[in-house]
Amino acid sequence: MNHTQENDRDAHDQMPSWREVFLYFLFLGFVNIGGPVAQITMMFNHMVEKRRWLSKDRFVKIMAFCHMLPGPEALQLAIYVGYLKRKLWGGILAGLTFILPGAIAMVILSWLYVKYGALPQVTNALYVLKPAVLGIIAAGIIKLGRAAIRNLFLAILLVGAFVGMRFAGINFLLILVIAGVLNLIVDRGLPGKTSPTLPLVVGGLGLTLPLLDSRLLQVAWLFVKTGLLSFGGAYASLVFVQRGAVAQYHWLSDGQLLDGVALSVATPGPFMLFTAFVGYVASGIPGAVLATFFVFLPSFIFVIAGVHYIEKVRENRAVQAFLAGVSAAVVGVIAVVSMDLIPAALVNWPAIGIAVVCFLLIAFLKRDVALVAVGAMLGGIIYSSIRAFA
């Protein structure tokens, strides 16, 4: 597409007012339930088909850029479109209104969970919701695997990542860096004078584990690292949080982490808002605020800084090869962490049945994730009510 065609296409994109941008993304912040796929589908329907803010081609190119970045793609898409329509403050406003309703809901739910989580009604509702969430995650792993495995070598990297983390106990960040570098070498050959800057930067950030005494500093570090390095989308953040908050710091158990994920599925906003729950359990409201701020901060920086370089980054084969290797390995490490969550969710045969049904509905029958999540929530409420009056 030449420059004239590009201008012609952009001229047909609608330029909304500040009020329209604010109200739309605030509305989206209240209704974006169901995870990234459901959210992006909803945004496509509104932005391309109804409001005509973007052409289909422009939307797809923006999504390709966001898919390369660590963190939640739906949030990044919102920031990008807000920036396109109303520059810097439009991007910030779009991102904040996309996050805030769900973040506030998560803090309230986290408070209720800590105060009343042991009540039978809460336990019974989560009994249905937790295996449903595990089924949703399993379907997400299948989807990620299909997208990431483009050739035999990437499949080998996925299996190697799973084996290395599950049976050899290799640090998952090291696995991701090695996978990225190996695919870079296979795709582009051994580096000559070109320095593998991206792998070194990612590896340096990820493998730096400072000894922090303050709980709040530990929260900030864990979640900024999660936001910076969660390649492969929101599900990849589970790996960082489980390994940090559960295995390293012992702020909560695997079962409590799954409770937080279940609550995030039941509320609007990015899937990664379960980090607010973890931050709250670790250090109350200050912990929830820090966790939310730092886990999403990299998305704002990456998108706003990268808007002007989208085509250059997409056409850089070395960057693409490294990220393809990382994405393949991410699927393997997510599978390992998901296995660690199984004992807390699949406590008996009915729970296994719930997980399998949710998985089949999404992975094979192509049902909307949002509808499955809402169905699980209603099922949990009904089950809890029946047990309460039994």
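Look above for the structure.
As the structure is a computational prediction, the values presented were derived from the model and not from experiment.

Rules of the game
- Residues numbered from 1 in each chain as written.
- Predicted model: local features only at pLDDT ≥ 70, side-chain atom pairs only at ≥ 80, totals over all residues.
- Heavy atoms only, no water.
- Helix = DSSP H or I, 4+ residues; strand = E, 2+ residues; numbered from the N terminus.
- Buried < 20%, exposed > 50% of the residue type's maximum accessible area, 1.4 Å probe, protein only.
- Contact = heavy atoms within 4.5 Å.
- Areas by Shrake-Rupley, 256 points an atom, 1.4 Å probe, with all protein chains shown as cover.
- Core = buried A, V, L, I, M, F, W, Y, C linked by side-chain atoms within 4.5 Å.
- Patch = residues over 30% accessible without salt bridge, like charges linked within 9 Å, V, L, I, M, F, W, Y side chains within 5 Å.
- Salt bridge = Lys/Arg side-chain N within 4 Å of Asp/Glu carboxyl O.
- Expected span 1.5 Å × (residues − 1).
- Axes fitted to C-alpha atoms, helices over the stretch in contact; angles between N-to-C directions.
- Left-handed = near helix turned anticlockwise from the far one by under 90°.
- Nonpolar A, V, L, I, M, F, W, Y, C, P; charged D, E, K, R; others polar.
- Parallel < 35°, antiparallel > 145°, perpendicular 65-115°, else oblique.
- Phe/Tyr/Trp six-rings, centres within 6.5 Å; stacked < 30°, edge-to-face > 60°.

K.L.:
Any chance you could explain the overall build of the protein here in plain terms?
P.N.:
Along the backbone of the protein there are 17 helices and zero strands. Out of the 390 residues belonging to the protein, those deemed buried represent 52%. Across the protein, every contact between residues at least 6 apart in sequence was considered, and the portion connecting residues at least 24 apart equals 76%. For the protein, the exposed area adds up to about 17700 Å²; of that, 68% sits on carbon and sulfur atoms.

K.L.:
I'm lost on the nonpolar core in this one. Help?
P.N.:
A general tendency of soluble globular proteins is for nonpolar side chains to be buried together. Residues Phe25, Met43, Met47, Phe59, Trp251 and Val278 are the most contacted members of the largest nonpolar core, which totals 115 residues. Those residues within four positions of Val278 in sequence are excluded, and the remaining contacts are Phe223, Val241, Ala245, Trp251, Leu252 and Leu257.

K.L.:
Explanation requested: a nonpolar patch on the surface in the structure shown.
P.N.:
A grouping of Leu96, Leu100, Ile104, Ile108, Trp111, Leu112, Tyr116 and Leu119 is seen on the molecular surface, where their side chains present a nonpolar patch of about 710 Å² in accessible area. In this structure, Ile108 sits in helix H5 (residues 73–116).

K.L.:
Whenever I open this one, the side chain of Ser110 confuses me. Can you help?
P.N.:
For Ser110, the position within the fold is in helix H5. According to the relative accessible area criterion, Ser110 is buried, its value standing at 0%. Those residues in contact with Ser110, other than ones at most four positions away along the chain, are Ala276, Phe277 and Tyr280.

K.L.:
It is not clear to me how helix H17 (residues 369–389) should be interpreted in this structure. Could you clarify?
P.N.:
Owing to its 3.6 residues per turn, the α-helix aligns residues three or four sequence positions apart on the same side. Spanning 21 residues, H17 covers 30 Å between terminal C-alpha atoms, matching the ideal 30 Å at 1.5 Å per step. For H17, the full list of buried residues reads Val369, Ala370, Val372, Ala373, Ala376, Met377, Gly380 and Ser384.

K.L.:
Just checking my understanding: could you explain unusual backbone geometry for this structure?
P.N.:
Across the chain, the bulk of peptide bonds are trans and the bulk of non-glycine residues have phi less than zero. Unlike most non-glycine residues, Lys87 shows phi in positive territory, near 60°. The exposed category is assigned to Lys87, whose relative accessible area is 55%. Positioned with a positive phi, Lys366 is a non-glycine residue whose angle comes to about 60°. With respect to the helices, strands and loops of the structure, Lys366 is situated in the loop between helix H16 (349–363) and H17. For Lys366, a relative accessible area of 57% translates into the label exposed.

K.L.:
Help me understand the pattern of salt bridges, please; the structure alone is not making it clear to me.
P.N.:
Applying the stated criterion across every chain, the model contains four salt bridges. A salt bridge links Arg317 to Asp187; the nearest nitrogen and oxygen atoms lie 3.4 Å apart. Pair noted here: Arg317 is in helix H15 (residues 317–345) and Asp187 is in helix H8 (residues 172–188), with a separation of 130 residues, a long-range link. Exposure remark for Arg317: the relative accessible area of 49% places this residue in the partly exposed category. Taking relative accessible area as the criterion, Asp187 reaches 36% and is therefore assigned partly exposed. Residue Arg243 is joined to Asp340 by a salt bridge in which the shortest nitrogen-to-oxygen separation is 3.1 Å. In this pair, Arg243 sits in helix H11 (residues 237–248) while Asp340 sits in helix H15, placing the two residues 97 residues apart along the sequence. On the basis of relative accessible area, Arg243 is assigned to the partly exposed category, the value being 24%.

K.L.:
Help me understand the packing of helix H2 (residues 18–31) against H5, please; the structure alone is not making it clear to me.
P.N.:
A pair of packed helices is characterised by two quantities: the angle between their axes and the separation of those axes. Running from N to C, H2 and H5 cross one another at 30°; their axes reach a closest spacing of 8 Å. Where H2 crosses over H5, the handedness of that crossing is right-handed. Among the residues making up the contact of H2 with H5, the classes are represented as 14 nonpolar, five polar and two charged.

K.L.:
Explanation requested: the packing of helix H6 (residues 120–148) against H15 in the structure shown.
P.N.:
Two elements in contact, H6 and H15, have axes separated by 10 Å at closest approach and are oriented at 165°. For the element pair H6 / H15, the angle class is roughly antiparallel. The two elements H6 and H15 meet at a crossing, and its hand is left-handed. Listed contacts from H15 to Lys130, Pro131, Leu134, Ile137, Ile141, Leu144, Gly145 and Ala148 of H6 are Ser327, Ala328, Val331, Ile334, Ala335, Ser338, Leu341, Ile342, Ala344 and Ala345. Tallied by class, residues from the contact of H6 with H15 come to 14 nonpolar, three polar and one charged.

K.L.:
Can you help me understand the packing of aromatic side chains in this one?
P.N.:
One pass over the structure, following the stated rule, counts 13 aromatic pairs. Where Tyr113 meets Phe277, the ring centres are 5.0 Å apart and the plane angle is 75°; that geometry is what we call edge-to-face. A residue pair is termed long-range when its members are at least 10 positions apart, and Tyr113 in helix H5 and Phe277 in helix H13 (residues 274–306) qualify at 164 residues. With relative accessibility at 14%, the residue Tyr113 sits in the buried group. In this structure Phe277 comes out as buried when scored by relative accessible area, which is 1%. An aromatic cluster is built from Tyr24, Phe25 and Trp53, whose rings are joined through pairwise contacts.

K.L.:
It is not clear to me how the environment of Leu69 should be interpreted in this structure. Could you clarify?
P.N.:
Turning to its location among the elements, Leu69 is positioned in the loop between helix H4 (56–68) and H5. Placed 237 residues apart in sequence, Leu69 and Gly306 show a C-alpha to C-alpha distance of 9.9 Å. Those residues within four positions of Leu69 in sequence are excluded, and the remaining contacts are Gln76, Phe231, Phe302 and Val303.

K.L.:
How should I be thinking about the environment of Gly353 in this particular structure?
P.N.:
With respect to the element layout, Gly353 can be found in helix H16. Judged by relative accessible area, which is 30%, Gly353 ranks as partly exposed. Remark: the alpha-carbon pair of Gly353 and Pro131, spanning 222 residues in sequence, is separated by 8.5 Å.

K.L.:
Teacher, can you tell me more about the environment of Gly91 here?
P.N.:
Within the element layout of this structure, Gly91 appears in helix H5. On the basis of relative accessibility, which here comes to 0%, the residue Gly91 falls in the buried class. Considering only alpha carbons, one finds Gly91 and Gln76, 15 residues apart in sequence, at a separation of 9.3 Å. Apart from the residues lying within four places of it in its own chain, the contact partners of Gly91 are Ile79, Gly82, Tyr83 and Phe300.

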